[in-house]
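Below, each chain spelled out in residue letters.
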Number of protein chains: 4
Amino acid sequence: MNRSSTPALPRFVPLTPRGQRTREKLLRAAQTLFGDKGYEHASIADITREAEVALGTFYVYFPDKQSIFVEVVDELGARLRRLLAEAVARCEDRLAVEREGLRTFFQFASRERHLYRIVRQAEFVDEACYRRYYERFARGYVSGLKRAMDAGEVRRMDPEVLAYCLMGMGDFLGMRWVLWEGDSGLEHVLDTAMALLRHGLETRAAGMPAPDKKRARKPRASRSKTS
Amino acid sequence: MNRSSTPALPRFVPLTPRGQRTREKLLRAAQTLFGDKGYEHASIADITREAEVALGTFYVYFPDKQSIFVEVVDELGARLRRLLAEAVARCEDRLAVEREGLRTFFQFASRERHLYRIVRQAEFVDEACYRRYYERFARGYVSGLKRAMDAGEVRRMDPEVLAYCLMGMGDFLGMRWVLWEGDSGLEHVLDTAMALLRHGLETRAAGMPAPDKKRARKPRASRSKTS
Amino acid sequence: MNRSSTPALPRFVPLTPRGQRTREKLLRAAQTLFGDKGYEHASIADITREAEVALGTFYVYFPDKQSIFVEVVDELGARLRRLLAEAVARCEDRLAVEREGLRTFFQFASRERHLYRIVRQAEFVDEACYRRYYERFARGYVSGLKRAMDAGEVRRMDPEVLAYCLMGMGDFLGMRWVLWEGDSGLEHVLDTAMALLRHGLETRAAGMPAPDKKRARKPRASRSKTS
Amino acid sequence: MNRSSTPALPRFVPLTPRGQRTREKLLRAAQTLFGDKGYEHASIADITREAEVALGTFYVYFPDKQSIFVEVVDELGARLRRLLAEAVARCEDRLAVEREGLRTFFQFASRERHLYRIVRQAEFVDEACYRRYYERFARGYVSGLKRAMDAGEVRRMDPEVLAYCLMGMGDFLGMRWVLWEGDSGLEHVLDTAMALLRHGLETRAAGMPAPDKKRARKPRASRSKTS
DNA sequence: CATGAATGAGATTTCATTCAT
DNA sequence: AATGAATGAAATCTCATTCAT
């Protein structure tokens, strides 16, 4: 269905400063337009118009449309990973890492609403680029989790499965409360997600026996904090 | 970027059984091709060729390409929800529900690899249809979770946030181990996911006191670099 | 560019009364739709929908789209000619004939706004039908004018040229003040047209010498009645 | 039924002389083909073939088929108005203006047989463009007639009604004797039209008393039944 | 007579890409 | 490096007409 790209190496020999600037303008414009209109509906003409260069100039810097898309996705992923790395560095324990990571991701997604749209399209434009995006994330995530397991902060389980669980959670929460809802109630979302991560689904608090289901139902409803 | 659809009423009602059959053939073909080549790369001509009808026949049953896509997505969602409902009905407790739900989803995604490709594209083809897909899922999920909370099987937290967490987990696990990996090691994946859901991330086993966080963590805090 | 039709003979053998009624419904619907949307944009499906019969029924009564169009035009022309004949019969002198003829035409055009649109399109649908429409008009007109000339009511000149002059006047006045303007000030339009027909353009009243151009310019402006 | 255009500003300004030339070729080809086959039957492919450019080139210069049509009509009108203005400038009195105007129109229509076909179609392609065509003509006509009235050369009457009368005459005479008949006997047609314009329909010669209407007509009125 | 599903040619329009300047 | 005119393949959609029932 689509050609696959080699991991984003710089595609051209070094450029003059002027060329560098033009290339940047094109990447900026492409990011905007792929985000706004989608890959298929954003034409090269749109991109060059937005970048304020002539149509033909595009092909001086990129061999084809797919290439600039891949570069946009790779760059976006790198930027987000850098932000997350910074956030993680500020955290004391693993749960804080998870919370700050989610928060950073939400902020990024909110500032750059293109993110979701662009990355998801990659699946149909260049599958390799799409997988690369998530695999790189997972790689970082896995090594963080392993360290936390070694430190006894996180229960031992397959860190890769865990990483995909956590990425999926973040992705869907962001979709629902950042993209669709427009950032409303994000702290509450974070609280809930952290509660899940801290204790799992089950009711029995650490060290306490599970309540008898049949009898316990109603009484507990009083302190409910469901939305 | 895209028009939004009203909740999929069949637009053109074929009057004869022959017409019904043709319509079905088109829907089958569309599902296959949208899954294989993606919405943008599957042309009406491809679909009618696959369905073994003439090009013009398409427009007897659907006003445009978007409409058949929406119908395919809605139908796919309905089928999956039905399967899940059946799976849930077989389960005793909530954790079993989660596990069976995931397993059912993985099986479905494995049999109909189109699922991912098709649903994800909806975001760019018809946003309303895309949100509808997840919101319907969420609705069912939320009511199931509420019941479980009332029954004391699940800790009280915002069930909608929880639903999106769980859907995201399932989505990413399916993407990674069904779509990319081809169903290998699914039981292990389920085990890991269930471990997370059962206890959360933390190390203290159920019924055991949590390690004293303050003491265990501090050493690391010294090189924190809060910004 | 287009096929030419033979003068509208009934195209099919006599029909049952029920068939006659269906045929009429189709003709009515076609007239409406050709008038509203134009020949090219009115589809057979539109016509049968408007006539409340099935698509295939059309081809029971007409061999193709062009045929029904020609029949509509021929019928429209016949109706207008009949109306004009009645109007003429009520008139005493030739100028009254012209005035009543114009008035009748305007009324008809106003009631059936389709007229203009339909007939004019004929030029591109079936040229023979188009010429036939005007030639039949002209034929009647010419014989009327000849009689008037024989009676000494109208100056002798080529009656056919005259007929086209008068038809052209009527056509354009109707276009401007019925179609575009919506029937406003029609009596004034008739007055002006009749003044032209009565005296021609020139200023000198019958039996009076023409005014000296150079000197006479300003004084006369006082009794102007221009709109 | 049709969209309406704003008064034809060129929409796409070609920047290079080469582009200018291509644009001209397309306009020429469009004029030819709209005239020959009609708007609906002349396809963009026909036009680009005639202009000897590739299909896609059309859309470099015109956003759609309607636009080039409007431009063709506007241009045709402008050319005819220019010719008429030149003809009028050569004339001494108003009747000469009318005669020369008609002659010029006939010559133009004869050289560019497209004229009729093209302008008349405008009614169904772009109504605004169609009205604009005649209204611009009428504007010039009206101001000429007003001057002539002020000069005492033409009897005072509503100049706009008069203008449409005269345009209608010209239009139908041209249709009949240029388009259908192929320029035969045009001087005779002009003579007849001028006789009408000079004296009107009535028999009384200039400077002679009109015949007593009442007495001369009655006898004949009884059997009049012109169709 | 009446139906309406099926057809496929053909029309408009888009757009990634090339290339001469 | 930069330009923008030119290209033509391909896509969507329309619709007059046919035909089996």
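In this text, all values refer to a predicted model and were calculated from it rather than measured experimentally.

Peer 1: For this particular structure, what's the right way to read the overall build of chain A?
Peer 2: For chain A, the helix and strand inventory stands at 10 helices and 0 strands. Tracing chain A from N to C terminus, the helices and strands come up as α-α-α-α-α-α-α-α-α-α. For chain A, buried positions account for 52% of its 227 residues. If you take every contact in chain A between residues at least 6 apart in sequence, the share linking residues at least 24 apart comes to 69%. Split by element, the accessible area of chain A, about 10,500 Å² in all, is 53% carbon and sulfur.

Peer 1: Just to check I follow, could you spell out the protein's contact with DNA strand F for this structure?
Peer 2: The immediate surroundings of DNA strand F are formed by 34 residues, with A:Thr57, A:Tyr61, D:Thr22, D:Thr57 and D:Tyr61 found nearest. Sugar plus phosphate: this is where 73% of the atoms of DNA strand F within 4 Å of the protein reside. D:Thr57 has a polar side-chain atom sitting 2.6 Å from a phosphate oxygen of DNA strand F. Taken together, the elements giving at least two residues each to the surface near DNA strand F come down to helix 1 (17–37) and helix 3 (58–61) of chain A, helix 3 (55–61) of chain B together with helix 1 (17–37) and helix 3 (58–61) of chain D. Across the surface near DNA strand F, the residue classes break down as 19 nonpolar, 9 polar and 6 charged.

Peer 1: Any chance you could explain the packing of helix 6 (residues 114–125) of chain C against helix 7 (residues 127–150) of chain C here in plain terms?
Peer 2: The description of two packed helices rests on the angle between their axes and on the distance between the axes. All names here are of chain C. Closest axis-to-axis distance for the helix 6/helix 7 pair is 6 Å, and the angle between their directions is 130°. When the interaxial angle is binned, helix 6 and helix 7 end up oblique. Classified by chirality, the crossing of helix 7 by helix 6 is left-handed. Along the contact surface, helix 6 presents Leu115, Val119, Arg120, Ala122, Glu123 and Val125, while helix 7 presents Glu127, Cys129, Tyr130, Tyr133 and Tyr134. Of the residues in the contact of helix 6 with helix 7, the class split is 8 nonpolar, no polar and 3 charged.

Peer 1: Would you take a moment to explain the nonpolar core for this structure?
Peer 2: Within soluble globular proteins, side chains that are nonpolar tend to cluster in buried spots. By size, the foremost hydrophobic cluster in this structure holds 143 residues, and its most contacted members are C:Tyr164 and D:Tyr164. Counting residues per element, this core draws most heavily on helix 8 (residues 159–180) of chain D, at 15 residues. With residues near it in sequence (within four places) discarded, D:Tyr164 still touches C:Phe172, C:Leu173, C:Met175, C:Arg176, C:Trp177, C:Trp180, D:Tyr134, D:Glu135 and D:Ala138. The next biggest cluster of nonpolar side chains, apart from the first, holds 141 residues, and it includes A:Val72, A:Phe105, A:Tyr164 and A:Leu166.

Peer 1: Hey, could you run me through the packing of helix 6 (residues 114–125) of chain A against helix 6 (residues 114–125) of chain B in this one?
Peer 2: Taken N-terminus to C-terminus, the directions of helix 6 of chain A and helix 6 of chain B make an angle of 140°; their axes are 10 Å apart at the nearest point. The orientation of helix 6 of chain A relative to helix 6 of chain B falls into the category oblique. Once helix 6 of chain A is placed against helix 6 of chain B, the crossing between them reads as left-handed. Residues A:Tyr116, A:Arg117, A:Arg120, A:Gln121, A:Glu123 and A:Phe124 of helix 6 of chain A form the contact with helix 6 of chain B, whose own contacting residues are B:Tyr116, B:Arg117, B:Arg120, B:Gln121, B:Glu123 and B:Phe124. Tallied by class, residues from the contact of helix 6 of chain A with helix 6 of chain B come to 4 nonpolar, 2 polar and 6 charged.

Peer 1: So what exactly am I meant to see when it comes to the state of the cysteines here?
Peer 2: Two cysteines form a disulfide when their sulfur atoms are joined by a covalent bond. Under the definition given, this model contains 0 disulfides over all chains. The thiol of A:Cys165 is unpaired, and the distance to the nearest cysteine sulfur, on B:Cys165, comes to 11 Å.

Peer 1: Just to check I follow, could you spell out the domain arrangement of chain A for this structure?
Peer 2: In many analyses, interface size is given as the accessible surface area lost on bringing the parts together. All names here are of chain A. Assigned domains of chain A: these are domain 1 (14–62) and domain 2 (64–199). For domain 1 versus domain 2, the distance between C-alpha centres works out to 27 Å. Contacts between domain 1 and domain 2 engage 18 residues on the former and 16 residues on the latter. The largest share of the area that domain 1 buries against domain 2 comes from Gln31, Phe34 and Tyr39, three residues that together contribute 45% of it. Between domain 1 and domain 2 we count 2 salt bridges in total. The interface formed by domain 1 and domain 2 contains 8 residue pairs in polar contact (both at pLDDT 80 or more). Listed by contribution, the elements that provide at least two residues to the side of domain 1 that touches domain 2 are helix 1 and helix 3. It is helix 1 that provides the largest number of residues to the side of domain 1 that touches domain 2, a total of 10 residues. Residues that form the side of domain 1 that touches domain 2 fall into these classes: 10 nonpolar, 4 polar and 4 charged.

What counts, and at which threshold
- Counting from 1, residues in each chain are numbered in the order their sequence is written.
- Numbering of ligands from 1 and lettering of chains from A proceed in the order in which they are written.
- In keeping with the predicted nature of the model, local features appear solely for residues at pLDDT of at least 70, side-chain atom pairs appear and are counted solely at 80 or more, and the whole-chain, interface and lining totals rest on all residues.
- Side-chain metrics rest on all non-hydrogen atoms present in the structure, leaving aside hydrogens and water.
- Under the DSSP-based scheme used, a helix requires at least four consecutive residues in state H or I and a strand at least two consecutive residues in state E, with every element numbered from the N terminus.
- Exposure categories follow from relative accessible area, calculated using a 1.4 Å probe and restricted to protein chains: below 20% of the type maximum is buried, above 50% is exposed, and the middle band is partly exposed.
- Contact between two residues is taken to exist if any of their heavy atoms lie within 4.5 Å; hydrogens are not considered.
- For every accessible area listed, the method is Shrake-Rupley and the probe measures 1.4 Å; residues are considered covered only by the protein chains on display.
- Nearness of a residue to a molecule or strand requires only that one of the residue's heavy atoms be within 4 Å of it.
- The definition of a polar contact used here is a pair of N or O atoms within 3.5 Å, where within protein one atom must be able to donate a hydrogen and the other to accept one, and adjacent residues in sequence count solely through side-chain atom pairs.
- Under the convention adopted here, Pro, Cys and the residues Ala, Val, Leu, Ile, Met, Phe, Trp and Tyr are nonpolar, Asp, Glu, Lys and Arg are charged, and Gly plus all remaining residues are polar.
- Between the N-to-C directions of two axes lies an angle of 0 to 180 degrees, each axis being a line fitted to C-alpha atoms and, for a helix, fitted only over the stretch in contact.
- We call two directions roughly parallel when the angle between them is under 35 degrees, roughly antiparallel when it is over 145, roughly perpendicular when it lies between 65 and 115, and oblique otherwise.
- A crossing counts as left-handed when the near helix is turned anticlockwise from the far one by less than a right angle, and as right-handed when that turn is clockwise.
- The criterion is simple. A nonpolar core is a set of buried Ala, Val, Leu, Ile, Met, Phe, Trp, Tyr and Cys residues joined through side-chain atoms within 4.5 Å.
- Cysteine sulfur atoms are paired as a disulfide whenever they come within 2.5 Å of each other.
- Note that the domain bounds reflect an automated or database-derived domain assignment.
- When two parts are put together, the accessible area they lose, computed with a 1.4 Å probe and summed over both, is reported as buried area.
- The term salt bridge refers to a side-chain nitrogen of Lys or Arg lying within 4 Å of a carboxyl oxygen of Asp or Glu.

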